[in-house]
Amino acid sequence: MERRLSAILAADVVGYSRLIRADEEGTIAALKTLRADLIDPRIAEYNGRIVKLMGDGMLVEFASVVDAVRAAVETQQAVAEHNADLPRDKRIEFRVGINLGDVIVDGDDIHGDGVNVAARLEGLAEPGGVCVSGMVYEGVRDRIDVPFEDLGEQEVKNIDRPVRVWQWAADPSPSASISDEKSEPLPLPDKPSIAVLPFENMSGDPEQEYFSDGVTEDIITALSKFRWFFVIARNSSFTYKGKSVDVKQVARELGVRYVLEGSVRKAGSRVRISAQLIDAATGNHVWAERYDRELADIFELQDEMTATIVGAIEPELGSAERARAKRKPPDNLDAWDRYQRGLWHLWRYNRDDYGEAEKLFQSSIDLDPGFGPAYAGVAYLLNSGVIMGWMDASDQTLGRALRAGQLALSADDKDPFAHYALGRVLTMHGDFEAAIAELEKAIDLNPNLASAYYGLGFALTWSGRAREALPHFHKAIRQSPHDPALWTFETMTGFAHIQLGEYAEAVEWHRRAARHPNSGFWANLNLAVAFVEQEESGKVRAAMDAALELQPNLSVTAVAGMLGSLRRDLKGHYLDGLRKAGLPE
């Protein structure tokens, strides 16, 4: 393969789909004119080579970073002048990203990490602006008089390392705002903040407007039930309905970090709903998905779409918050950040990270003794630590977990996660009736909390009601298919099938659970028991070896302690299966 070092410029049109929908022929003609009159001549002037055109975007290669940046900045300035006399809805604006990197040459095309980073930088740029990598900035800082703002290190999609980003922005223009008034950005709340913009009706049928509005309103209502979210009210979000907006500007005007936007398209008896969650601070897509459904019962479909979208958003937003907290300097962490860092360690599911998580949760409590989620985190961690064998199953440990759960509820008895954490602890105490009541209360407070359905299924399974538990496990998996705790949902589903004597189903679920990178030993341990019952002796040893590799000190006695209050006859049968599988006493 031929390789070379190149300055790569990636550009695309802001809001191209909207412009095409409004005036397809006019937009294409205007874009061609801009290219012929303003863009292509400057690329040629600075010795650039257009590698390829991609509808609303282009990829250009330069031999010099100075030439690439000069071409980009002068082109953006020329386009801004061209747009000055045009109506806002007719303006064509570009985002540009420039990177210096090694590329693989394939005929006239180029590939490689250097190209991918340029594309991600373009996504971070303001409309009319240019974002460059740290290497590009170092190459031009003393050579051209162009002011750049340091955006720091940014996590970008599909790149396994942070990228240092510098931004040049054109003079502020009203084109990106829905208002002519200049105002200071609203301060961000002290917890994750999100605005749900009205989903766009793309059906071409004004009568379907009620459906897209209904989806938006239901999502706002459902997200509001997560008490760790700050959700902009419906009336404020709907002031943007029907208007062309820039997500970063919306976030500044509403004082939020995240924006959810989407569209609804109906064709015959089918409906397609697309949604994307954007971190407005960086412009990065946190999550995006498309759903296709039959339009049989419109209200049932609306409920399903709301639950599905909200169930997907909650863990993704939580993951984004944990990543953001982890990037902050340790001496600049507030109670919320420490709690999020604690969760980051918690979901890694290993002994050392659990120790770090406990310290961070306690540090969060020390900073803010009234911060309920940190108490709930401690309760969950201690309970889970016993189940994973990383903490002793003593009355002292479970007593601390119970006290933490009670303190979480005292801090906020309307917090569904507090009820969930307390319900999990009560399950390990063997108080199944109280546990089920707490978990049902968590679901009542937030019907979209996947972990609460999992907790309810866990309590039912532990009390010997495995058949009743299965629908709750399935609900949790359906609502949160990318949950960091998904392997536990799948493991407990398999465990319920073991209780029911359905060993083929148990094997299937435990194999799924064992594939997750953060999966614990339980999936393989349960596989060994299921294979014993199926008399698959050759597979028993492999499953047991995999479990012991993850937890070398496993024994029948140790597992008995981890199973805690599991109904006595069920525990006895399971432990006998482990003995037959060869686990030492």
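Heads up: the structure comes first, above all this text.
For clarity, every value in this text was computed on a predicted model and none was experimentally measured.

## A word on the overall build of the protein chain
Move 1: Scanning the protein chain for helices and strands turns up 23 helices and 14 strands.
Move 2: Taken across its 585 residues, the protein chain has 56% of its residues classed as buried.
Move 3: Summarising the internal contacts of the protein chain: among those between residues at least 6 apart in sequence, 64% fall at separations of at least 24.
Move 4: A total accessible area of about 25,900 Å² is found for the protein chain, and carbon and sulfur atoms account for 48% of it.

## Considering helix H15 (residues 432-445)
The periodicity of an α-helix, 3.6 residues per turn, causes residues three or four positions apart to be oriented the same way.
Move 1: Counted at 1.5 Å a residue, the expected span for H15 with its 14 residues is 20 Å, and the 20 Å between its end C-alpha atoms agrees.
Move 2: Those residues of H15 that sit buried are Phe432, Ala435, Ile436, Glu438, Leu439, Ala442, Ile443 and Leu445.
Move 3: Against helix H13 (395-411), helix H14 (416-428) and helix H16 (450-462) lie the buried residues of H15.

## Remarks on unusual backbone geometry
Move 1: Positive phi outside glycine occurs at Tyr349, with the angle close to 55°.
Move 2: Along the chain, Tyr349 falls in the loop between helix H10 (335-346) and helix H11 (351-367).
Move 3: Unlike most non-glycine residues, Glu535 shows phi in positive territory, near 60°.
Move 4: Given the relative accessible area of 70%, Glu535 is considered exposed.

## Describing the pattern of salt bridges
Move 1: On inspection of all chains with the given rule, the structure shows 24 salt bridges.
Move 2: Notably, a salt bridge pairs Asp413 with Lys414, separated by 3.7 Å at the nearest N-O pair.
Move 3: For Arg579, the salt bridge goes to Glu585, with nearest N and O atoms at 2.9 Å.
Move 4: Here Arg579 falls in the partly exposed class, since its relative accessible area comes to 37%.
Move 5: By relative accessible area, which is 53% here, Glu585 ends up exposed.
Move 6: Look at the salt bridges and you will find they share partners, linking Glu2, Arg4, Arg49 and Glu61 into a network.

## Considerations on the nonpolar core
Move 1: If you look at the biggest cluster of nonpolar residues, it comprises 124 residues, and the most contacted ones within it are Phe199, Leu260, Ile309, Trp522, Leu525, Val559 and Tyr574.
Move 2: By residue number, the principal contributor to this core is helix H12 (residues 372-387), which donates 10 residues.
Move 3: Each residue touching Tyr574, except ones within four places of it in the same chain, is listed here: Phe495, Trp522, Leu525, Asn526, Val529, Val559 and Leu563.
Move 4: Within the second largest apolar cluster, 38 residues are counted, among which are Ala11, Val60, Val65 and Trp168.

## So, the pairing of strand S4 (residues 94-106)
Move 1: Of all 13 residues in S4, 11 are buried; the element is thus mostly enclosed.
Move 2: Looking at chain direction, strand S1 (residues 2-13) and S4 are connected through 12 bridges and run antiparallel. Within the sheet, the bridge partner assigned to Ala10 lies in S4 and is Gly97.
Move 3: Hairpin geometry of S4 and strand S5 (residues 109-111) is characterised by an intervening segment of two residues between the two adjacent antiparallel strands and by a positive phi of about 65° at Gly107.

## Considerations on the packing of helix H20 (residues 522-533) against helix H23 (residues 568-580)
Move 1: One can describe the packing of H20 onto H23 by two numbers: an axis separation of 9 Å at closest approach and a directional angle of 85°. In terms of axis orientation, H20 runs roughly perpendicular to H23. Contacts between H20 and H23 involve Trp522, Leu525, Asn526, Val529, Val532 and Glu533 on the former and, on the latter, His573, Tyr574, Gly577, Leu578 and Lys580.
Move 2: Among the residues forming the contact of H20 with H23, the class breakdown is six nonpolar, three polar and two charged.

## A word on the packing of H12 against H13
Move 1: Running from N to C, H12 and H13 point in directions that differ by 155°, and their axes come no closer than 7 Å. Judged by the angle between their axes, H12 and H13 are roughly antiparallel. With respect to the hand of their crossing, H12 and H13 are arranged in left-handed fashion. Together, Gly372, Tyr375, Ala376, Val378, Ala379, Leu382, Asn383 and Val386 of H12 and Thr397, Leu398, Arg400, Ala401, Ala404, Gly405, Leu407, Ala408 and Ala411 of H13 make up the contact between the two elements.
Move 2: Looking at side-chain class alone, the contact of H12 with H13 contains 12 nonpolar, four polar and one charged residues.

## Remarks on the packing of aromatic side chains
Move 1: Enumeration over the complete set of coordinates arrives at 19 aromatic pairs.
Move 2: Between Tyr349 and Tyr354 the ring centres are 6.3 Å apart and the planes differ by 40°, which places this aromatic pair in the tilted class.
Move 3: Plain terms: the ring middles of Phe417 and Tyr420 are 5.7 Å apart, the flat faces sit at 35° to each other, and that makes the pair tilted. You can see Phe417 and its partner Tyr420 sitting in helix H14, three residues apart, about one turn around the helix. An identical accessibility class is assigned to Phe417 and Tyr420; each is buried.
Move 4: Of the aromatic side chains, those joined through ring pairs into one cluster are Tyr454, Phe458, Trp462, Phe473, Phe489, Phe495, Phe521, Trp522 and Tyr574.
Move 5: Note that Arg424 overlies the ring of Phe458, its terminal NZ or CZ placed 4.4 Å from the centroid.

## Topic: the side chain of Arg95
Move 1: Its location among the elements puts Arg95 in strand S4.
Move 2: You can call Arg95 buried: its relative accessible area is 18%.
Move 3: Within the local environment of Arg95, its side chain forms a polar contact with the backbone oxygen of Ala125, the two atoms lying 2.8 Å apart.
Move 4: Those residues within four positions of Arg95 in sequence are excluded, and the remaining contacts are Ala10, Ala11, Asp12, Val14, Gln76, Glu122, Gly123, Ala125, Glu126, Pro127, Gly129 and Asp246.

## Considering the environment of Ala63
Move 1: Here Ala63 lies in the loop between strand S3 (57-62) and helix H3 (65-83).
Move 2: When its relative accessible area of 81% is taken as the criterion, Ala63 is described as exposed.
Move 3: Linking Ala63 and Arg4, residues 59 residues apart in sequence, is a C-alpha distance of 9.6 Å.

## A closer look at the side chain of Asn524
Move 1: Counting through the fold element by element, Asn524 comes out in helix H20.
Move 2: Those residues in contact with Asn524 that sit more than four places away from it in its chain are Ala514, Ala543, Ala546, Ala547 and Leu550.

## Details of H16
Move 1: With 13 residues, H16 should cover 18 Å at 1.5 Å per step; its first-to-last C-alpha distance of 19 Å lies within 8% of that length.
Move 2: Across the 13 residues of H16, 13 count as buried, placing the element largely inside the fold.
Move 3: Just downstream of H16, Gly464 is the residue with a positive phi angle, here 95°.

## Things to note about the environment of Leu426
Move 1: Relative to the elements of secondary structure, Leu426 occurs in helix H14.
Move 2: Judged by its relative accessible area of 12%, Leu426 falls in the buried class.
Move 3: Distance from Leu426 to Leu402, taken between C-alpha atoms, is 7.3 Å for residues 24 residues apart in sequence.

Rules used in this analysis
Residues numbered from 1 in each chain as written. Predicted model: local features only at pLDDT ≥ 70, side-chain atom pairs only at ≥ 80, totals over all residues. Heavy atoms only, no water. Helix = DSSP H or I, 4+ residues; strand = E, 2+ residues; numbered from the N terminus. Buried < 20%, exposed > 50% of the residue type's maximum accessible area, 1.4 Å probe, protein only. Contact = heavy atoms within 4.5 Å. Areas by Shrake-Rupley, 256 points an atom, 1.4 Å probe, with all protein chains shown as cover. Expected span 1.5 Å × (residues − 1). Salt bridge = Lys/Arg side-chain N within 4 Å of Asp/Glu carboxyl O. Core = buried A, V, L, I, M, F, W, Y, C linked by side-chain atoms within 4.5 Å. Pairing = 2+ DSSP bridges. Axes fitted to C-alpha atoms, helices over the stretch in contact; angles between N-to-C directions. Parallel < 35°, antiparallel > 145°, perpendicular 65-115°, else oblique. Nonpolar A, V, L, I, M, F, W, Y, C, P; charged D, E, K, R; others polar. Left-handed = near helix turned anticlockwise from the far one by under 90°. Phe/Tyr/Trp six-rings, centres within 6.5 Å; stacked < 30°, edge-to-face > 60°. Lys NZ or Arg CZ within 6 Å of the ring centre and 35° of its normal. Polar contact = N/O pair within 3.5 Å; in protein donor to acceptor, adjacent residues only side chain to side chain.

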